[in-house]
Amino acid sequence: MNPGPRAARPPHFDVDRLIDDRRIRIVVTCGSGGVGKTTTAAAIALRAAERGRKAVVLTIDPARRLAQSMGLSELDNTPRAVKGVDGEAGGSLDAMMLDMKRTFDEVVEEHTTPERARQIRANPFYQALSSSFAGTQEYMAMEKLGQLRARPDWDLIVVDTPPSRSALDFLDAPERLGSFLDGRLIRLLGGTARAGGRTYLKVLHAGFNVVTSTLTKILGGELLKDVSTFVNALDTMFGGFRERAEQTYALLKRPETAFIVVAAPEHDALREASYFVDRLSRDAMPLAGLLLNRVHASGAAGIGAEQAVAAAERLESASDEDHVLTAALLRLHADRLKLATRDERIGERFSTTHPDVPVTRIPALAGDVHDLDGLRQIGALFDAG
Amino acid sequence: MGDWEGVRLHVVTGKGGTGKTTVAGALAMALAAGGRRVLVAEVEERQGLAQLFDVPPLSYEERRVASAPGGGEVYALAIDAREAMHEYLAMFYRLGRAGRALDKLGFVDFATTIAPGLRDVLLTGKAYEATRRRTADHHTYDAVVLDAPPTGRVVRFLDVTTSVSSLARVGPINRQANSITDLIHSPRTAVHVVTLLEDMPVQETADAVADLQAAHIPVGAVVVNQVRPPHLAARSLPAARRGRLDHEAVLAGLRAAGLPATDAVVALLTREAADHAERTALEKTQRALVDDLGRPVYELPRIADGIDPTALYELADALAEQGAV
């Protein structure tokens, strides 16, 4: 660590070196909402493909136009070739959008008979579970990642993470859902309806009937009946949910995986990034670096912000029509310098508390990105950052 | 009188990164001005309000965080699903041991982190309770501002009956959800959407407005945040965009201001002006899309040095001037 008064410049995060490294098989982009995670994932995958990797990008919830630009007009849960990718270096790019319900159906089908799978799919509790339970999206994103990794078609998988309440949910939610599905509570809920609570009364301590009758009161008998049918149909799968979650979690810990934390120069986004970086390091997970998006920069004109404002004021007060334009340009320049200084300061603060995390800065673009050229342009900035 | 007379619950949403927490804080401040009492609540465990008002982290307890001009008071609360669950169980079931057993079994975890909608019922339920709470013969709070989840999740968050009914079709949770639904679908609620004049936030705003309307949830205003000062006169924009500003005039201006007047400096300023003009053109297109939504629009200036309590007063003033309160 550098104890000096000024924050040391953090090590440079070389994105190209990362995607050129054939040992890297999985890249995960994570960070809080609104920082350009999905666009970054797509730009990384495209750049990797055009540098010779056989890449696939798994997106969770892309903006409509970005999805269209990659040919993802339908959500069919299968990777499709992206058109317009330069394959000269021998690479290719496939893209897919996660359909969590369908992925869940696939998991069920794989583990039980067609008859049982049909029963499960018709169960109201399963329908809620597979479409609206918190954590299902994260669980299924991990599940899909595991499936893609098991196929020989690609040598690089880029995963975008779901837009959760917290970036940590991507790591925690699958395990949470897995434990719930394999746990005591769901069996209790199922058993309550089946045996009117008596089965468990025998086994568990006294006073338990209060609990089961409370559950019935809170949730209603109908739900408990649904859960019970679900639990019965699912019997063959118990123990499997948690195990699957743990397997993908282990995959994420391997050195072939690289996490890229994406942030914008905003306090909230960087605070979230800090939490995530700390968590990765605590769990010994491979962090490649921080990608700081939309950083304002200003060229050196040798004119400081305050100097520019003072000069603009002088020109304006002289009420000389000839200098209205120059005064406006000086005010623009001052605004830009202020933004640049602020972004710099916020970035430095992160690096002071995380001096070992490599950082690359992507300058703010004037326009929005919604086609392959735009993604390419961002990819080219990885190098410059 | 402002645009939202009679509204007791102001919900603020927006795409991530648009500054919805800041706007929620400024709105609370504006609503409290003139001696009223307003509660602003967050639900995502981010401690965004504590940062905003520059106070220690908030707990599940309403705390006074600021005074508004004219003797008003702003209270803040971080709604925590677990605490709300315990409060709920205690209120309805007077649970002692059974409550602890439920906790041990993982039921509270299930209800607060996994079950769809239950968490949202608990969170919106607390806001619902605050809007109805009375002290003596009047409402405890004149208004409640809810810093809600981002646009992508807000309809599901507010439309609690739909999400809960997939799980609990009868019972007390269902009844609780129904009372919340009544409030949220009534004219006593307004959902304001915060955006920036950029492609994706505006697109999400349009989607959210359409989704809210489809769900019959009253849409409030669209707040355009972080608006930059124009600086460059409209008539200069086309030339600026093409990088064809009057080189000699700028040189002369720099000389007159006593600044280094070199071609390099003019070139840099011209490039910055081109960027600015391009962004302005994009913003104009986006602004037209915002206007097409047919909602009242408020603009808030970009605060270059970052948000602090002083800046919050400024933003609250801007909202008041534009008729928000």
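The numbering scheme is per chain: residues are counted from 1 as the chain's sequence reads. Chain letters start at A and ligand numbers start at 1, both assigned in the order the entries are written. Only residues with pLDDT of at least 70 are given local features in this predicted model, and only at 80 or more are side-chain atom pairs given and counted; all residues enter the totals for whole chains, interfaces and linings. Note that water and hydrogens are dropped before the side-chain values are worked out from all heavy atoms of the structure.

Counting from the N terminus, the helices are DSSP H or I runs at least four residues long and the strands are E runs at least two residues long. Summing up its helical and strand segments, chain B has 14 helices and ten strands in all. With the principal axes as the frame, chain B shows a C-alpha extent of 85 × 40 × 40 Å. If you take every contact in chain B between residues at least 6 apart in sequence, the share linking residues at least 24 apart comes to 71%. Seen as two clouds, the 35 positive and the 41 negative side-chain charges of chain B have centres 5 Å apart. Here, residues are in contact when the closest pair of their heavy atoms is within 4.5 Å. Residues scored as positive are Lys and Arg, those scored as negative are Asp and Glu, and His as well as the terminal groups of each chain are ignored. To locate a charge, take NZ of a lysine, CZ of an arginine, CG of an aspartate or CD of a glutamate.

Moving on: the pairing of strand β1 (residues 9-14) of chain B. All names here are of chain B. A 1.4 Å probe rolled over the protein chains alone gives each residue an accessible area, and that area as a share of the maximum for its type sets the label: buried under 20%, exposed over 50%, partly exposed in between. Burial analysis of β1 places six of its six residues in the buried class, which makes it a mostly covered element. Side-chain alternation along β1 places Leu9, Val11 and Thr13 on one buried face and His10, Val12 and Gly14 on a second face that is also buried. Strand pairing is assigned whenever DSSP identifies at least 2 bridges connecting the two strands. As judged from the six bridges shared by β1 and strand β8 (residues 189-195), these two strands associate in the parallel manner. Looking across to β8, one finds that Val11 is bridged to Val191. In this sheet, strand β7 (residues 143-147) lies alongside β1 in parallel orientation, the contact comprising four bridges. From the neighbouring strand, Val12 faces β7, where its bridge partner is Asp147.

Moving on to the pattern of salt bridges. Any two side chains of opposite charge can pair, on the condition that their charged atoms come close. The working definition used for a salt bridge is a side-chain nitrogen of Lys or Arg within 4 Å of a carboxyl oxygen of Asp or Glu. All told, the structure shown has 44 salt bridges over all chains when counted by the stated rule. Put simply, Asp20(A) and Arg51(A) hold a salt bridge, and the shortest N to O gap is 2.7 Å. Placement of Asp20(A) in helix α1 (residues 15-20) and of Arg51(A) in the loop between α2 (37-50) and β2 (54-59) is noted, with a sequence separation of 31 residues between them. Its relative accessible area of 33% is what places Arg51(A) among the partly exposed residues. With a closest N to O distance of 3.2 Å, Asp155(A) and Arg53(A) form a salt bridge. On the criterion of sequence distance, the pair formed by Asp155(A) in the loop between α7 (136-150) and β5 (156-160) and Arg53(A) in the loop between α2 and β2 is long-range, its members being 102 residues apart. By relative accessible area, which is 18% here, Asp155(A) ends up buried. Connected through shared salt-bridge partners, Glu62(B), Glu87(B), Lys126(B), Glu129(B) and Arg133(B) make up one network.

This paragraph deals with unusual backbone geometry. Residue and element names in this part refer to chain A. Of note in this structure, Ala284 is not a glycine but carries a positive phi near 50°. The class of Ala284 is exposed, set by a relative accessible area of 58%. For Arg294, which is not a glycine, the phi torsion comes out positive at approximately 55°. Along the chain, Arg294 falls in strand β7 (residues 287-295).

So, about the domain arrangement of chain A. Residue and element names in this part refer to chain A. Either an automatic procedure or a domain database provided the assignment from which the domain bounds are taken. For chain A, the assigned domains read domain 1 (15-168 + 248-296 + 364-380) and domain 2 (305-344). One C-alpha centre belongs to domain 1, the other to domain 2, and the line joining them spans 43 Å. Domain 1 puts five residues into the contact, and the matching count from domain 2 is four residues. What gets called buried area is simply the loss in accessible area from a 1.4 Å probe that two parts show on being joined, summed for both. Of the roughly 390 Å² buried at the junction of domain 1 and domain 2 (both faces included), carbon and sulfur atoms supply 48%. The largest contributions to the domain 1 side of the interface with domain 2 come from Pro265, Glu266 and His296, which together make up 87% of the buried area. For the salt bridge of Arg342 with Glu266, the shortest nitrogen-to-oxygen distance reads 3.1 Å.

To continue, consider the sheet that holds strand β3 (residues 80-81) of chain A. Residue and element names in this part refer to chain A. Strand order in this open sheet of eight strands is β3-β4-β2-β5-β1-β6-β7-β8, and the pairing throughout is mixed. Of all the strands in the sheet, the pair left with one neighbour each is β3 and β8 (359-363). Here four bridges tie β2 to β5, and the two strands are oriented parallel to one another. Within the sheet, the bridge partner assigned to Val57 lies in β5 and is Val158. Seen against the sheet, helix α16 (residues 324-353) touches β7 and β8 and runs at an angle of roughly 165° to β7. To define axes, lines are fitted to C-alpha atoms, for helices over the stretch in contact only, and angles between the resulting N-to-C directions are given on a 0 to 180 degree scale.

Let us now look at empty space enclosed by the protein. Here a cavity denotes a set of grid points, spaced 1 Å apart and computed over the protein atoms alone, in which a 1.4 Å probe fits but from which it cannot get out, and a pocket denotes an open set meeting protein on both sides within 12 Å along at least five of seven lines; residues with an atom within 4 Å of a point are reported as lining. Grid points are joined across faces, edges and corners, and a volume is the space filled by probe spheres set on the points. Scanning the model with the defined rule gives four cavities of 30 Å³ or more in all. Of the pockets and cavities examined, the largest cavity occupies roughly 90 Å³. In terms of lining residues, the largest cavity is bounded by Ala63(A), Arg64(A), Arg65(A), Leu66(A), Val369(A), His370(A), Asp199(B), Met200(B) and Gln203(B). If you list the elements that add at least two residues to the lining of the largest cavity, you get α3 (64-69) of chain A together with α10 (199-214) of chain B. Each residue belonging to the lining of the largest cavity can be placed in one class, and the counts come to four nonpolar, two polar and three charged. What the second largest cavity holds in volume is close to 50 Å³. Elements supplying a minimum of two residues to the lining of the second largest cavity: α1 (20-32) and β9 (219-227) of chain B. Classification used: nonpolar for Ala, Val, Leu, Ile, Met, Phe, Trp, Tyr, Cys and Pro, charged for Asp, Glu, Lys and Arg, polar for all others including Gly. Split by residue class, the lining of the second largest cavity holds eight nonpolar, one polar and no charged.

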